[in-house]
Amino acid sequence: MTISFPLTDKRTVDELLKHLNAHKLFCPGNCAITVNPLAVHVSSCLSYALSTARTAW
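1. Regarding the pairing of strand E2 (residues 31-35)
Now for step 1: The pairing of E2 with strand E3 (residues 39-44) spans five bridges and is classified as antiparallel. Among the inter-strand pairings, Cys31 is bridged to a residue of E3, identified as Ser44.
Now for step 2: Hairpin connection from E2 to E3: three residues lie between these consecutive antiparallel strands.

2. Side note on helix H1 (residues 13-22)
Now for step 1: All of the buried residues in H1 are Leu16, His19 and Leu20. The buried residues of H1 all sit within an arc of 100 degrees when viewed along its axis, so they share a single face. In H1, the exposed positions angled more than 90 degrees off the buried face are occupied by Asp14, Lys18 and Ala22.
Now for step 2: Here the buried face of H1 lies against strand E1 (2-6), E2, E3 and helix H2 (47-56).
Now for step 3: Backbone geometry just after H1 places Lys24 at a positive phi near 60 degrees.

3. Observations regarding the packing of aromatic side chains
Now for step 1: Counting across every chain of the model gives one aromatic pair.
Now for step 2: On the numbers, 6.2 Å between centres and 80 degrees between planes, the contact of Phe5 with Trp57 is edge-to-face. Of the two residues, Phe5 sits in strand E1 while Trp57 sits in the segment after H2, which places them 52 residues apart along the sequence. One exposure class covers both Phe5 and Trp57, and it is buried.
Now for step 3: Lying over the aromatic face of Trp57, Arg11 brings its terminal NZ or CZ to 4.9 Å of the ring centre.
Now for step 4: Lying over the aromatic face of Phe5, Arg54 brings its terminal NZ or CZ to 6.0 Å of the ring centre.

4. Comments concerning the sheet that holds E3
Now for step 1: Pairing is antiparallel across the open sheet formed by three strands, whose spatial order is E1-E3-E2. Looking at the sheet topology across the chains shown, the edges are occupied by E1 and E2. Between one strand axis and the next, the sheet turns through 20 degrees on average, direction left out of account.
Now for step 2: As paired strands, E1 and E3 are joined by five bridges and run antiparallel to one another. Bridged to Thr2 within E3 is Ser43.
Now for step 3: Most of the contacts of H2 go to E1, to which it runs at about 20 degrees, and overall it touches E1 and E3.

The rules we used
Residues numbered from 1 in each chain as written. Predicted model: local features only at pLDDT ≥ 70, side-chain atom pairs only at ≥ 80, totals over all residues. Heavy atoms only, no water. Pairing = 2+ DSSP bridges. Helix = DSSP H or I, 4+ residues; strand = E, 2+ residues; numbered from the N terminus. Buried < 20%, exposed > 50% of the residue type's maximum accessible area, 1.4 Å probe, protein only. Arc of directions from axis to C-beta. Contact = heavy atoms within 4.5 Å. Phe/Tyr/Trp six-rings, centres within 6.5 Å; stacked < 30°, edge-to-face > 60°. Lys NZ or Arg CZ within 6 Å of the ring centre and 35° of its normal. Axes fitted to C-alpha atoms, helices over the stretch in contact; angles between N-to-C directions.

Note that all results are geometric; they support no functional claim without further evidence.
This is how it looks when you write it as structure tokens:
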């Protein structure tokens, strides 16, 4: 499953990594991250953790 996380001035890549760690998603352990200027695409087989992280983001 792949989900996009939008980035803003307050929501940076570093903040997203901390957020994903709080949901037990670790790169490169159990997810893959692709960074674009406006969004970060996160892929993981842990769909429940990923969708929960996206909802909370």
